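# Structure assessment
Now for the letters of each chain:
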Amino acid sequence: MAMKVSVCVVAYNEENMLPALLADIGRQTYPHEKIEIVLVDSCSEDRTRSIMEHFAEKNREEFLNIQVLDNAGRIQSCGWNEALVHFTTDVIIRVDAHSHIPGNFVEKNVENLETGEMVSGGVRPVLSEEEDNWSRTLLLAEESMFGSSVSSFRRKGEKAYVKSFFHGAYRREVFEKAGGFREDLGRTEDNELHYRIRKKGYRLCMSPDVFSYQYIRPTLRKMSRQKYGNGYWIGLTAGVCPGCLSLYHFVPGAFIGGILLTSLLMFARIFWPAILMWGAYWILAVAMAVVSVRGKSKNGFQLLLPLLFFVLHISYGAGTCIGLIKMPFWRRAHRSCPSVERVRKYLEEKDERTTA
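Residues numbered from 1 in each chain as written. Predicted model: local features only at pLDDT ≥ 70, side-chain atom pairs only at ≥ 80, totals over all residues. Heavy atoms only, no water.

## Digging into the overall build of the protein chain
When you go through the protein chain residue by residue, the secondary structure sums to 13 helices and 11 strands. Oriented by its inertia axes, the alpha-carbon framework of the protein chain measures out at about 75 × 50 × 40 Å. Expressed as a percentage of the 356 residues in the protein chain, the buried residues total 53%. Taking as baseline every contact in the protein chain between residues at least 6 positions apart, the subset at least 24 positions apart corresponds to 80%. Carbon and sulfur atoms make up 57% of the accessible area of the protein chain, which amounts to about 16,800 Å² in all. Each charge class in the protein chain can be summarised by its mean position, and for the 45 positive and 40 negative side chains these summaries are 9 Å apart. (Helix = DSSP H or I, 4+ residues; strand = E, 2+ residues; numbered from the N terminus. Buried < 20%, exposed > 50% of the residue type's maximum accessible area, 1.4 Å probe, protein only. Contact = heavy atoms within 4.5 Å. Areas by Shrake-Rupley, 256 points an atom, 1.4 Å probe, with all protein chains shown as cover. Lys, Arg positive; Asp, Glu negative; His and termini not counted. Charge placed at Lys NZ, Arg CZ, Asp CG, Glu CD.)

The following block contains the structure:
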């Protein structure tokens, strides 16, 4: 018997991206009568909710069920918890609103779960919303291991058990044991959740057959703001769940520390640390830029790739440093988060009511 699954999307002001993602969901090869769709609107100020309602009205008979919910908490983690207490199937699949999923996305995740896995995920390349040369260059910066991340979910090509990934498919039991998302985390809620899931004995299985795509921010300004926010929440999260973070999360912050230290040494007329650090950095930045454009059609904007790497590193690193500075004060009020246990208890009691 085919497994019933819920595909969940949490969105805020995504009227431009949401129609294409809903069309992706409508093209899934997995039997639609086995798919529940859970759409959560985070108090959007544009047409996001009306797009969700129109999709539900038009496609309700085709799918197992379609729910349109409100996220009064506005942030992503609150929205995911809203989905967790309302989904009705065996599995929930998390899909970011700023994404694209191929037609076999649900099918491939289910195949992975049917082998006995409890949590399934895959690789997540990035896409650009536009096709002009500047947008392609921004995409190269985000695609590069040097410009973005060494996270395995971005580029791993073989089945493996990992610490975290972007879009995940989870059996209901996982949340009954591990609880819901921390609603006091703004960007790192998935890292922290996956840490708790692993601590409960579950493994996160990444399959190379599972693909989903994330759209990058369309401008350098927006991309830099995103990197700053990511780094900021890394700094704060280090105070409540350091185990959910990896060493590479702190490399940009260490880079900022290196800049400050070598600058102080220069005031003391000690120049060689700065020469070594900046020489090594720019040689590596240029080398990685060359690697990034290999095999790509060339344009003049690609000459700016080393500078783009630098802007992204500074943005992320500055966010991390500010987050670490604020972390001791923030941690006092956030040693625990009641939403984790609240969702766990709700799901556990719901399961008991269902089986009674």
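So that's the structure; there's more coming.
## Re the sheet that holds strand β6 (residues 119-123)
With mixed pairing, eight strands are arranged side by side in an open sheet as β3-β2-β1-β4-β9-β6-β10-β8. Taken across any chain shown, the strands that pair with only one partner, and hence form the sheet edges, are β3 (65-70) and β8 (160-162). For this sheet, the mean angle separating the axes of adjacent strands, direction not counted, is 30°. Here six bridges tie strand β1 (residues 5-11) to strand β4 (residues 91-96), and the two strands are oriented parallel to one another. Of the residues in β4, the one forming a bridge with S6 is I92. Along the sheet, helix α1 (residues 18-26) makes contact with β1, β2 (35-41) and β4, crossing β1 at roughly 175°. Docked against the sheet, helix α8 (residues 189-199) engages β4, β6, β8, β9 (168-171) and β10 (204-211), running at close to 125° with respect to β10. (Pairing = 2+ DSSP bridges. Axes fitted to C-alpha atoms, helices over the stretch in contact; angles between N-to-C directions.)

## A closer look at the nonpolar core
Of all hydrophobic cores here, the largest spans 30 residues; its most connected members are V5, V9, I35, I37, V95 and V106. Breaking this core down by element, the ones donating at least two residues are β1, α1, β2, α2 (48-59), β4 and α4 (105-113). Here I35 is in contact with V5, V7, Q28, Y30, F63, L64, N65 and V106, once residues within four sequence places are set aside. One finds C8, V38, A83 and L193 within the second-largest nonpolar core, a separate group that totals 29 residues. (Core = buried A, V, L, I, M, F, W, Y, C linked by side-chain atoms within 4.5 Å.)

## Focus on the sheet that holds strand β5 (residues 99-100)
Overall, mixed pairing links the three strands, which are arranged β5-β11-β7 in an open sheet. With one partner strand each, in any of the chains shown, β5 and β7 (126-127) form the two edges of the open sheet.

## So, the pairing of β2
β2 sits mainly inside the fold: seven of its seven residues count as buried. Neither face of β2 is exposed, since I35, I37, L39 and D41 on one face and E36, V38 and V40 on the opposite face are all buried. On the question of chirality, the crossover connecting β1 to the parallel β2 by way of α1 is right-handed. Note that β2 and β3 share six bridges and pair parallel. Residue pairing for β3: L39 is matched across the bridge by V68. Note that the unit made of β2, α2 and β3 has a crossover that is right-handed. (Right-handed = clockwise from strand over helix to strand, strands pointing away.)

## So, a nonpolar patch on the surface
On the surface, Y228, I322 and I325 cluster together into a nonpolar patch covering about 260 Å² of accessible area. One can find I322 in helix α12 (residues 305-332). (Patch = residues over 30% accessible without salt bridge, like charges linked within 9 Å, V, L, I, M, F, W, Y side chains within 5 Å. Salt bridge = Lys/Arg side-chain N within 4 Å of Asp/Glu carboxyl O.)

## Notes on the packing of aromatic side chains
Summed over all chains, the structure comprises 18 aromatic pairs. Ring geometry for W278 versus Y281: centroids 6.2 Å apart, planes at 80°, classification edge-to-face. One end of the pair, W278, and the other, Y281, are both in helix α11 (residues 272-293), three residues apart, so they sit about a helical turn from each other. What makes W278 partly exposed here is its relative accessible area of 24%. Every member of this aromatic cluster is reached through a ring pair, and the members are F146, F255, W278, Y281, W282, F309 and F310. A cation sits over an aromatic face here: R124 above F166, 4.6 Å from the ring centre. Directly above the ring of Y161 sits R203, whose terminal nitrogen or CZ lies 3.7 Å from the centroid. (Phe/Tyr/Trp six-rings, centres within 6.5 Å; stacked < 30°, edge-to-face > 60°. Lys NZ or Arg CZ within 6 Å of the ring centre and 35° of its normal.)

## Focus: the confidence of the model for the protein chain
Chain-level statistics for the protein chain give a pLDDT mean of 93 and a share of 96% at 70 or above. The least confident element of the protein chain is helix α6 (residues 152-155), whose mean pLDDT is 47; the most confident is β2, at 98. (pLDDT = per-residue confidence, 0-100.)

## Some remarks on the packing of helix α9 (residues 220-237) against α12
The geometry of α9 relative to α12 is characterised by a closest axis approach of 6 Å and an angle of 35° between their N-to-C directions. Our pair here, α9 against α12, has a crossing hand that is right-handed. Across the contact of α9 with α12, the residue classes break down as 16 nonpolar, eight polar and two charged. (Left-handed = near helix turned anticlockwise from the far one by under 90°. Nonpolar A, V, L, I, M, F, W, Y, C, P; charged D, E, K, R; others polar.)

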